[in-house]
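If you want the building blocks of each chain, they are given just below.
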Amino acid sequence: MEQGQSDSSMTDEPTNGATPPSGTENAVPADADAARSDSQPPSASQSPSDSTIPTQDSRPVHESRLETGLSVLGLASDALSRHDEDENQRITPQHARISRDTMAFPAFDFAREYAIPADLMPAELGVPDPEDDPNDPEVIATDEKDGAAGGEELQPKAGQSTAGQRSGTQDCPPPSDDVSTEAQTDPSEGNDGVSMLTARIQDVTRAVRAVQVAESYRQPAQDGDDKAQVTLADMLALGVGVTQDDHSALQWYRKAADQHNAAAQNALAIMLFRGDGGVDPNPRQAAILFHSAAESGDACAQANLGLLYDAGKGVRRDVKKAAHWFTKAASAGIAVAELGIGTLLFNGNAGEQDLDKAAEYFTRAAKRGNAIAQFKIGIMLYTGIGREHDYKGAVRWFRKSAQQGLPHGETALGRAYYEGRGVKRDFRKAGYWFWEAAQQGFAIAQGALGDIYRLGYGVPKNPAQAAAWYSKAAEQGDTDAQFNLAVLYERGNGVRQDFGQAMDLYQEAASHGDGRAQTNLGMMYAFGDGVERDYGMAFDWFASAAELGDPKAQTNLGVLYEQGMGIEQNLDHAKDLYTEAAAHGDRTAQWRLGAMYVDGRGVPQDYTKGADLLAKASSSGEVHAMMRLADLYDEGLGVPQDAQMANVLREAAVYESTKEISRH
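Given the structure is predicted, the values throughout are model-derived calculations rather than measurements.

## Notes on the overall build of the protein chain
Thinking step 1. Along the protein chain, the regular secondary structure elements total 27 helices and 2 strands.
Thinking step 2. Buried positions account for 52% of the 664 residues belonging to the protein chain.
Thinking step 3. Look at the contacts in the protein chain between residues 6 or more apart in sequence, and 61% of them connect residues 24 or more apart.
Thinking step 4. Of the accessible surface of the protein chain, which amounts to about 28900 Å², a share of 47% is contributed by carbon and sulfur atoms.

## Some remarks on the nonpolar core
Within soluble globular proteins, side chains that are nonpolar tend to cluster in buried spots.
Thinking step 1. Ranked by internal contacts, the top residues of the largest apolar core, which has 108 residues, are Tyr253, Phe290, Ile334, Ile377 and Phe398.
Thinking step 2. Setting aside residues up to four positions removed in sequence, Phe290 forms contacts with Phe110, Asn266, Ala269, Ile270, Ala301, Asn304, Leu305 and Leu308.
Thinking step 3. Counting 57 residues, the second largest nonpolar core, distinct from the first, contains Ala467, Met523, Val559 and Tyr578.

## A closer look at the pattern of salt bridges
Thinking step 1. Per the stated rule, a full pass over the model turns up 22 salt bridges.
Thinking step 2. Residue Asp426 pairs with Lys429 through a salt bridge whose shortest N-O separation is 4.0 Å.
Thinking step 3. Overall, Asp426 belongs to the partly exposed group, its relative accessible area being 24%.
Thinking step 4. For the salt bridge of Glu562 with Arg601, the shortest nitrogen-to-oxygen distance reads 2.7 Å. Remark: Arg601 occurs in the loop between α24 (587-599) and α25 (607-619) and Glu562 occurs in helix α22 (residues 551-563); sequence separation between them is 39 residues.
Thinking step 5. Look at the salt bridges and you will find they share partners, linking Glu338, Arg364 and Arg368 into a network.

## Considering the packing of α22 against α24
Thinking step 1. At a minimum axis distance of 9 Å, the contact between α22 and α24 shows a crossing angle of 30 degrees. One element, α22, and the other, α24, form an angle in the roughly parallel class. Where α22 crosses over α24, the handedness of that crossing is left-handed. Across the interface between the two elements, Thr555, Val559, Glu562 and Gln563 from α22 touch Thr588, Ala589, Arg592 and Met596 from α24.

## Quick word on the environment of Gly342
Thinking step 1. Position of Gly342 among the secondary structure elements: in helix α10 (residues 335-347).
Thinking step 2. Among the residues examined, Gly342 registers a relative accessible area of 0% and is labelled buried.
Thinking step 3. As a C-alpha pair, Gly342 and Tyr361 span 19 residues in sequence and 5.1 Å in three-dimensional space.

## As for the packing of aromatic side chains
Thinking step 1. By the definition in use, this model includes 12 aromatic pairs.
Thinking step 2. Aromatic side chains Tyr382 and Tyr391 sit 5.1 Å apart centroid to centroid with 75 degrees between the ring planes, which places their arrangement in the edge-to-face category.
Thinking step 3. Judged by its relative accessible area of 1%, Tyr382 falls in the buried class.
Thinking step 4. Overall, Tyr391 belongs to the partly exposed group, its relative accessible area being 25%.
Thinking step 5. The structure contains a cluster of three or more aromatic residues connected by ring pairs, namely Phe375, Tyr382, Tyr391 and Phe398.
Thinking step 6. Over the ring of Tyr114 we find Arg112, and its NZ or CZ is 4.0 Å from the ring centre.
Thinking step 7. A cation sits over an aromatic face here: Arg425 above Tyr418, 5.8 Å from the ring centre.

## Some remarks on helix α21 (residues 535-547)
Thinking step 1. With 13 residues, α21 extends 18 Å between its outermost C-alpha atoms, agreeing within 8% with the 18 Å of an ideal straight helix rising 1.5 Å per residue.
Thinking step 2. Within α21, 12 of the 13 residues are buried, which leaves the element mostly enclosed by the surrounding structure.
Thinking step 3. Taken together, the buried positions of α21 are Tyr535, Gly536, Met537, Ala538, Phe539, Asp540, Trp541, Phe542, Ala543, Ser544, Ala545 and Ala546.
Thinking step 4. As for α21, its buried residues are in contact with α19 (499-511), α20 (515-527) and α22.
Thinking step 5. Of the residues that open α21, the one with a side-chain oxygen 3.0 Å from the backbone nitrogen of Gly536 is Asp534.

## Describing the packing of helix α11 (residues 355-367) against helix α12 (residues 371-383)
Thinking step 1. The interhelical angle for the contact between α11 and α12, taken along N-to-C directions, is 140 degrees, at an axis separation of 8 Å. It follows that α11 is oblique to α12 by the angle criterion. Seen along the crossing, α11 lies across α12 with a hand that is left-handed. Facing Leu355, Ala359, Phe362, Thr363, Ala365 and Ala366 of α11, the residues of α12 in contact are Ala373, Gln374, Lys376, Ile377 and Met380.
Thinking step 2. Residue classes in the contact of α11 with α12 are distributed as 8 nonpolar, 2 polar and 1 charged.

## Considerations on the confidence of the model for the protein chain
Low-pLDDT stretches of the model should not have their predicted coordinates read in fine detail.
Thinking step 1. Mean pLDDT for the protein chain: 80, with 75% of residues reaching 70 or above.
Thinking step 2. Taken together, the stretch residues 88-93 has pLDDT below 50 and engages in 14 contacts with residues farther than four places along the chain or on a different chain.
Thinking step 3. This stretch, residues 98-106, has a pLDDT under 50; its non-local contacts, to residues over four places away or in other chains, come to 27 contacts.

## Here we look at unusual backbone geometry
Thinking step 1. Backbone geometry places His260, a non-glycine residue, at a positive phi of 65 degrees.
Thinking step 2. Structurally, the position occupied by His260 is in the loop between α5 (246-257) and α6 (262-274).
Thinking step 3. The class of His260 is exposed, set by a relative accessible area of 64%.

## A short note on helix α4 (residues 226-238)
Thinking step 1. Counted at 1.5 Å a residue, the expected span for α4 with its 13 residues is 18 Å, and the 18 Å between its end C-alpha atoms agrees.
Thinking step 2. Within α4, 11 of the 13 residues are buried, which leaves it mostly tucked inside the rest of the structure.
Thinking step 3. The complete set of buried residues in α4 reads Asp226, Ala228, Gln229, Val230, Thr231, Leu232, Ala233, Asp234, Met235, Leu236 and Ala237.
Thinking step 4. The N-terminus of α4 is capped by Asp225, whose side-chain oxygen sits 2.9 Å from the backbone nitrogen of Lys227.

## Quick word on the environment of Val423
Thinking step 1. Along the chain, Val423 falls in the loop between α14 (407-419) and α15 (427-438).
Thinking step 2. Overall, Val423 belongs to the buried group, its relative accessible area being 7%.
Thinking step 3. Linking Val423 and Lys392, residues 31 residues apart in sequence, is a C-alpha distance of 6.8 Å.

## Some thoughts on the environment of Gly530
Thinking step 1. Note that Gly530 resides in the loop between α20 and α21.
Thinking step 2. Exposure remark for Gly530: the relative accessible area of 56% places this residue in the exposed category.
Thinking step 3. Linking Gly530 and Asp498, residues 32 residues apart in sequence, is a C-alpha distance of 8.2 Å.

Cut-offs and rules
- Residues numbered from 1 in each chain as written.
- Predicted model: local features only at pLDDT ≥ 70, side-chain atom pairs only at ≥ 80, totals over all residues.
- Heavy atoms only, no water.
- Helix = DSSP H or I, 4+ residues; strand = E, 2+ residues; numbered from the N terminus.
- Buried < 20%, exposed > 50% of the residue type's maximum accessible area, 1.4 Å probe, protein only.
- Contact = heavy atoms within 4.5 Å.
- Areas by Shrake-Rupley, 256 points an atom, 1.4 Å probe, with all protein chains shown as cover.
- Core = buried A, V, L, I, M, F, W, Y, C linked by side-chain atoms within 4.5 Å.
- Salt bridge = Lys/Arg side-chain N within 4 Å of Asp/Glu carboxyl O.
- Axes fitted to C-alpha atoms, helices over the stretch in contact; angles between N-to-C directions.
- Parallel < 35°, antiparallel > 145°, perpendicular 65-115°, else oblique.
- Left-handed = near helix turned anticlockwise from the far one by under 90°.
- Phe/Tyr/Trp six-rings, centres within 6.5 Å; stacked < 30°, edge-to-face > 60°.
- Lys NZ or Arg CZ within 6 Å of the ring centre and 35° of its normal.
- Expected span 1.5 Å × (residues − 1).
- Polar contact = N/O pair within 3.5 Å; in protein donor to acceptor, adjacent residues only side chain to side chain.
- Nonpolar A, V, L, I, M, F, W, Y, C, P; charged D, E, K, R; others polar.
- pLDDT = per-residue confidence, 0-100.

So, in structure tokens, the structure goes:
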């Protein structure tokens, strides 16, 4: 999951609860606070611009009518706007997005082979799939493109696991006959006693044979047979036929490695890297062992050495050496190496970026069962990065990855269900997959689950549950979760209202470049919520968020320039900011800019352009714009004179205002 970009201009030192970026030193006018009554602290529904708009006598007739109409509704003029929890009702939760940055996550999904007979290898633990019909054409890809989602599967060899993510290793294919990679059928599916009894007998028979096989290797291993030592160590490592014992496995691997057994060196290096078997992690010693085995031609060790060079673990980082070893191992069909070279090509780390080649390598590794590669080729198909959009093909790969328990794949599949792309839209199934990933501590999924509970999609609305999941993700530095949790604290929704906690969370998200958090910090200073009201500080936060392209911040900054709040009045700046925000669909900016054109305030008077902007804002439910546009229809300015349309707009304004009041 992927955090917001760091903003080097942010400071961690708080002033009055939070500190905006430096570089905007605007003294607050001495009478700034006098512009409105301070007898009561402002509520969350008030605007600091309420009494800074010119008095009724000095305003043009149209603005007077607007304020008169609004006063009848019992509303104040809300010139400033914040990001809040309700604006996401109509959009995809931020956490359901899987960004391009996700493609670069490191993965020590080490490659290795096991000498244990294939029929004794423990079954992989998959994740139950709630999909009732796995052959549903809306779930399984049917229009596979670019060879990335279709074609004959590459088969892993005997002894090769396809769910390496759970065990932390991706097994290498020893030379033997191909076997199917199709998911094993659950013996309980038939729900009949005969099938269950048969399965139980098979389990007992397999267990007895495993014990016999383990015993058959013990004496040769003690006599110094390096191959027997490796097999016995494998069985101890996995608990096949013997009690699982990492420490004993480590000792047998070490004995075989001392005899220059490459497979043992590779297995021992993996244990030393991780610190398994009661030893301290030792990436440097692991790198030495990987190198020795790689030079001996062990393809798994070559792939693992590439991982270390790519990450700079145990060796100095060298992407060219990583590419060298990945390429050698990939030529031997090692999925981890195909994933590694594909990632280097995707990111352009070892030369020019080559998305086509990256997709080819991801696809090969995915077909061998590598969960991470399945996720990555799925992302390329889902987002259209380097491939044509193929949602069904993407869902097919996401499902394979998710069924192996990769949290990235589970979250991506949840996203597909949430958006209804490549699969029938189903919020409950989206929530299921988000929950599976969240249980593994995956911050993006935890935040997405918070969104599901906050919005009430597939489950009853539960802001308290939303806050709990946001808190888990926020602790891991997820900026979306920090922002959403801050909104809940600011509004007192699902948690006790706490402006101080809200400001702390906004500050944390803002320090990582979250424009929404910076905008809301500006609003807290403008309202005086949890801090002393300070239009200068509000200006600085709005300015910072506006530079990040946040339309609400651009609009709010425009309001401050238009009103001369916290900064010297500048109608040209206000117009430019409104224009930019209006182009991005901000309805408040459309209303304010439309009013400027109608009044000829800071711009040449243009009723037609003004009416057009007010109409756009009205179509988004902007009450002020509806009332102002109604005035224009009454008088036939910029639009045909139409009293009926004017009445319709005023009735719509009343309706929207009632909804707004009930929402708060």
